[in-house]
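Fold and contact review
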Amino acid sequence: MIAAPDLRPELVKLEARVRDGVRHPQNSSQSLELDVTSAHERQQSPKEPNERHQSQEQSSKRPRVFETAYSTYTFEESLGEGGNAYVLKVKSDSGESFALKLLKPEAAKSENLKRFKNETQFCRRADHESILTVVDEGFTTWKDTKIPFTVMTYCDGGTLRKVLSNGSIKGSELKYFAQILEGLRYAHARGIVHRDLKPENILFNAKDDQMVVGDFGIARFARRDLATNVETRKGTRLANYEYAAPEQKRAGREVDHRADIYAMGLMLNEVFTSKV
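The structure reproduced in this document is the subject of the present report. (Residues numbered from 1 in each chain as written. Predicted model: local features only at pLDDT ≥ 70, side-chain atom pairs only at ≥ 80, totals over all residues. Heavy atoms only, no water.)

1. Focus on unusual backbone geometry
The phi angle at D144 is positive, at roughly 60°, despite the residue not being glycine. Position of D144 among the secondary structure elements: in the loop between β5 (134-142) and β6 (145-153). Since its relative accessible area comes to 72%, D144 is described here as exposed. (Helix = DSSP H or I, 4+ residues; strand = E, 2+ residues; numbered from the N terminus. Buried < 20%, exposed > 50% of the residue type's maximum accessible area, 1.4 Å probe, protein only.)

In structure tokens form, the structure reads like this:
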């Protein structure tokens, strides 16, 4: 319902015009009618263009504060970006740092939402030091879309790509690759195939001196770890092409745990030869 315009200021003018109308009877009625109409129009007028622009700009900006049932997380910096999600560094209201994974609005569609849900459930339940842990989750609104996010352990050493380039694990490569393989063995024992192993999806928790497998966004889950069923469309290629096994590069081929082992072999080869 549209609110009635406040005509009180115009009524004050009306009184003055009525008194004045005695002196100028021909012009008074037209002037009064115009004043009342203009007040109504001002009440009904849409937002000015710059107000509309500011409103649209605010809704398009990425959220900086994320609330869950029990905590509030504030954006600190961007850590990375994938095809479907952003990864941000956030700080909780208790002052602790975490990583937050936020789906992009354009990716918040049925299939991606189901994959996000499956990944969240597995990483909340996983009980292994080499699997990235989800500690909290929630929803935010961005571009008029309800977007899910997960809060994860923050790995302060960055990605495997970063530690290989800066030489911080030089001389201990086999030790850290053994940690990655332990995480992979845990997943495979549960019937889970990662399907997207690459240096950017392996994280180094320097504080605990631990390599961690992350980003199970396109993993294939066994029924016990499946929150919702996801049908992969025939012909869809999900993996990063550079580290994909041959069967992943051909549409319609069955992919199992051996594709993950192949990707690990490529990464280990890269450590010692600097080539994939």
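Back to the text.
2. So, the sheet that holds strand β2 (residues 72-81)
Taken together, the six strands give an open sheet; going across it, the order is β1-β2-β3-β4-β6-β5, and neighbouring strands pair in antiparallel fashion. At either margin of the open sheet sits one strand with a lone partner, and together these are β1 (65-67) and β5. Between one strand and the next, the sheet's axes are offset by a mean angle of 40°, whatever the strand orientation. Judged from the three bridges that link them, β1 and β2 form a sheet pairing that is antiparallel. (Pairing = 2+ DSSP bridges. Axes fitted to C-alpha atoms, helices over the stretch in contact; angles between N-to-C directions.)

3. Digging into the packing of aromatic side chains
Tallying each qualifying case throughout the model produces six aromatic pairs. Measuring from ring centre to ring centre gives 5.9 Å for Y73 and F98, while their planes differ by 90°; the resulting arrangement is edge-to-face. Separated by 25 residues along the polypeptide, Y73 in strand β2 and F98 in strand β4 (residues 97-103) bring together distant segments of the chain. The exposure class of F98 is buried, given its relative accessible area of 12%. By the ring-pair criterion, three or more aromatic residues cluster together here, those being F122, F216 and F221. One residue, R62, lies across the ring of Y86, its end atom 4.9 Å from the ring centre. Over the aromatic face of Y86 sits the side chain of K104, whose NZ or CZ is 5.1 Å from the ring centroid. (Phe/Tyr/Trp six-rings, centres within 6.5 Å; stacked < 30°, edge-to-face > 60°. Lys NZ or Arg CZ within 6 Å of the ring centre and 35° of its normal.)

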